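# What the coordinates show
Chain by chain, the residues:
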Amino acid sequence: METLKTVNWIIGIIFFVCYTYQFLYIPVVWFRRARPHGRPADNDFAVLICARNEQAVIGDLIASLRGQTYDASRIHIFVLADNCTDDTALIARAAGATVYERFNKVQIGKGYALCALMEHLQEDYPDGFDGYFVFDADNILSPDYVEQMNRTFSDGHDIVTGYRNSKNYGDNWLSAGSGLWYLRESRYLNHARHLLGTSCAVGGTGFLFSRAVAAEMGPWPFHSLIEDIEFSIHQIVAGRRIAFCLEAVLYDEQPSDLRQSWRQRSRWCKGALQVFWRYGSALVRGVCRGSFACFDMAMATMPAFILSATALFCNVILAIYGAVVGDDLMIAVISIGQMLGQMYATMFAVGLITTVTEWRQIRTAPAKKVLYAFTFPLFMFTYIPIAVSVLFCRIEWKPVEHRVSAAALRKRGSQEALPF
């Protein structure tokens, strides 16, 4: 079993080299202060929303946009109803948005829908806008979201992303696991990156890019399974820095059904492999030039659960081999148990720190906040079979069903409802 010990030691070293820096981000958030903003400009914004059968939630997002503290005349809302078979387009038009409809059963996915929407805007609004927001239909924005994003945008940043919170954190361990991950990503990855002057990463929804970025890339050219990370990497390898606005809070719905959660995260894992295959060499060249942001994004697209799956696979295979040749099987069992215990402890520490510091941001009962800190590592463990399965399965983009409306949240009571 010396081979098993050596393999685990090598994997441990790889983990240390690849991910220790993320733990060093934590004290940065605690002790470093952001620079004050300059005078904000009066920018005109286009809001881009791609929606597929989102009649249950699209009205809430548009209402939250209409209720912003920012000048409403400078916020222009555009919805692309993508292959919809419900009343998404009707509801969006009634709420005051400009709506385009698209029916294409071949080019499926958010990337293609964004491309079509931007093509419409190029044709109908040739002068363009100062900035372009991208939201998902299930999002709800804090009332000062656009105002706060505009402050950071006006500081001279071409791309800005905000703080991502959850509408339905307390549904179950799945929604809480996903929600806690996004809270951690916002506070202890993107916020730390911003404070250190390196680039953040866009997390799917709730981001803003400038007229210059729109002109450079043209209609949305990113069509992988994770178009947000592809967009981030493309900008980072080109030398752009993505900024972060802590005060701009967005709420979105997390999957609470195992099938939908598995399907969504399978798409993310497969997409990470796609994007790394496409941009891996560019990221390596960036790292060689001294770009820490390129190293950071390389770690994001070859995530820890790939190493975790490899480690578990090696331990199981070596344990079987040891049993066949007559070695003590308990050595392998103890080794696997220690590895899983260390992984649980690490993820629990990450989840606990985030839960404690973001306590007031989490919209659920205190007992659930504590409980879901303990289940967070179990949620992360489910990435291991997902990561293995995507190596052998064909993954296609499929929409995630959204049902949690603002009215439903209000019925749940003050601990679940949004704080406005």
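Read on for an overview of the structure. Predicted model, so just to flag it, every value in this text is computed and none were measured.

### A look at the overall build of the chain
Assigned secondary structure in the chain consists of 15 helices and 8 strands. Radius of gyration (C-alpha) of the chain: 22 Å, near the 22 Å computed for a compact globule of 420 residues. In terms of its C-alpha atoms, the chain occupies a principal-axis envelope of roughly 75 × 50 × 50 Å. For the chain, the computed accessible surface area is about 18700 Å², with 60% contributed by carbon and sulfur atoms. The centroid of the 39 positive side-chain charges in the chain is displaced by 4 Å from the centroid of its 38 negative side-chain charges.

### What about the packing of helix H8 (residues 227-237) against helix H10 (residues 292-301)?
Following both chains from N to C, one finds H8 and H10 inclined at 160°, their axes separated by 10 Å at the closest point. When the interaxial angle is binned, H8 and H10 end up roughly antiparallel. In this structure, H8 meets H10 at a crossing whose hand is left-handed. Packed against H8, whose contacting residues are Ile229, Ser232, Ile233, Ile236 and Val237, the element H10 presents Ala293, Cys294, Met297 and Thr301 at the interface. Grouping the amino acids of the contact of H8 with H10 by side-chain chemistry returns 7 nonpolar, 2 polar and no charged.

### A short note on the sheet that holds strand E2 (residues 75-82)
With mixed pairing, the 8 strands of this open sheet are ordered in space as E3-E2-E1-E4-E7-E6-E8-E5. Where the open sheet ends on each side, the last strands, each with one partner, are strand E3 (98-102) and strand E5 (140-141). Sheet topology note: the strand E1 (residues 45-51)/E2 ladder contains 7 bridges and is parallel. From the neighbouring strand, Cys50 faces E2, where its bridge partner is Leu80. Relative to E1, helix H4 (residues 110-124) is tilted by about 140°, and along the sheet it contacts E1, E2, E3, strand E4 (131-136) and strand E7 (207-210). Sheet contacts for helix H6 (residues 173-196): strand E6 (159-166) and strand E8 (242-252); angle to E6, the most-contacted strand, approximately 150°.

### Details of helix H13 (residues 366-381)
Side chains three or four residues apart in an α-helix point the same way, a direct result of the helix having 3.6 residues per turn. If you check H13, its first and last C-alpha atoms are 24 Å apart, about what 16 residues at 1.5 Å a residue would give, namely 22 Å. Taken as a whole, H13 has its buried residues at Lys369, Tyr372, Ala373, Thr375, Phe376, Pro377, Phe379 and Met380.

### What about the pattern of salt bridges?
What the rule picks out here adds up to 18 salt bridges. The partner of Glu147 in a salt bridge is Arg151, with the nearest N and O atoms 3.5 Å apart. With Glu147 and Arg151 both in helix H5 (residues 145-154) and 4 residues apart, the pair spans about one turn of that helix. Using a relative accessible area of 29% as the deciding quantity, one classes Arg151 as partly exposed. A salt bridge links Arg412 to Glu416; the nearest nitrogen and oxygen atoms lie 4.0 Å apart. Connected via shared salt-bridge partners are Asp44, Asp71 and Arg74.

### Some thoughts on the environment of Ala373
By the element assignment, Ala373 lies in helix H13. Judged by its relative accessible area of 2%, Ala373 falls in the buried class. Distance from Ala373 to Thr355, taken between C-alpha atoms, is 6.8 Å for residues 18 residues apart in sequence. If near-sequence neighbours (up to four positions away) are discounted, Ala373 is found in contact with Phe348 and Thr355.

### Considering the state of the cysteines
Inspection of every chain in the model, using the stated rule, returns 0 disulfides. This cysteine, Cys84, is not joined by any disulfide, and Cys50 carries the nearest cysteine sulfur, 10 Å off. We note that Cys393 lacks a disulfide partner, and the nearest cysteine sulfur, in Cys269, lies 12 Å from it. A residue is classified by how much of its surface remains accessible, and Cys393, at 38% relative accessible area, is partly exposed.

### Side note on unusual backbone geometry
With a phi close to 55°, Asn53 is a non-glycine residue in the positive phi region. Locating Asn53 in the fold gives a position in the loop between E1 and helix H2 (58-66). Taking the relative accessible area as the measure of exposure, Asn53 reaches 34% and is therefore partly exposed. A positive phi angle, close to 55°, is found at Asn83, a residue other than glycine. Here Asn83 falls in the buried class, since its relative accessible area comes to 4%.

### What about the packing of aromatic side chains?
Within the structure shown, the criterion is met by 30 aromatic pairs. One aromatic cluster in this structure is built from Phe78, Tyr125, Phe129, Tyr132, Phe207, Phe209, Trp220, Phe222 and Phe231. The side chain of Arg164 reaches across the aromatic face of Tyr182, ending 3.7 Å from its centre.

### Details of a nonpolar patch on the surface
On the surface, Trp9, Ile10, Ile13, Ile14, Phe16 and Val17 cluster together to form a nonpolar patch covering roughly 630 Å² of accessible area. Counting through the fold element by element, Phe16 comes out in helix H1 (residues 2-31). Judged by its relative accessible area of 58%, Phe16 is exposed.

Procedures and definitions
Residues numbered from 1 in each chain as written. Predicted model: local features only at pLDDT ≥ 70, side-chain atom pairs only at ≥ 80, totals over all residues. Heavy atoms only, no water. Helix = DSSP H or I, 4+ residues; strand = E, 2+ residues; numbered from the N terminus. Rg over C-alpha atoms; globule rule 2.2 N^0.38 Å. Areas by Shrake-Rupley, 256 points an atom, 1.4 Å probe, with all protein chains shown as cover. Lys, Arg positive; Asp, Glu negative; His and termini not counted. Charge placed at Lys NZ, Arg CZ, Asp CG, Glu CD. Axes fitted to C-alpha atoms, helices over the stretch in contact; angles between N-to-C directions. Parallel < 35°, antiparallel > 145°, perpendicular 65-115°, else oblique. Left-handed = near helix turned anticlockwise from the far one by under 90°. Contact = heavy atoms within 4.5 Å. Nonpolar A, V, L, I, M, F, W, Y, C, P; charged D, E, K, R; others polar. Pairing = 2+ DSSP bridges. Expected span 1.5 Å × (residues − 1). Buried < 20%, exposed > 50% of the residue type's maximum accessible area, 1.4 Å probe, protein only. Salt bridge = Lys/Arg side-chain N within 4 Å of Asp/Glu carboxyl O. Disulfide = S-S within 2.5 Å. Phe/Tyr/Trp six-rings, centres within 6.5 Å; stacked < 30°, edge-to-face > 60°. Lys NZ or Arg CZ within 6 Å of the ring centre and 35° of its normal. Patch = residues over 30% accessible without salt bridge, like charges linked within 9 Å, V, L, I, M, F, W, Y side chains within 5 Å.

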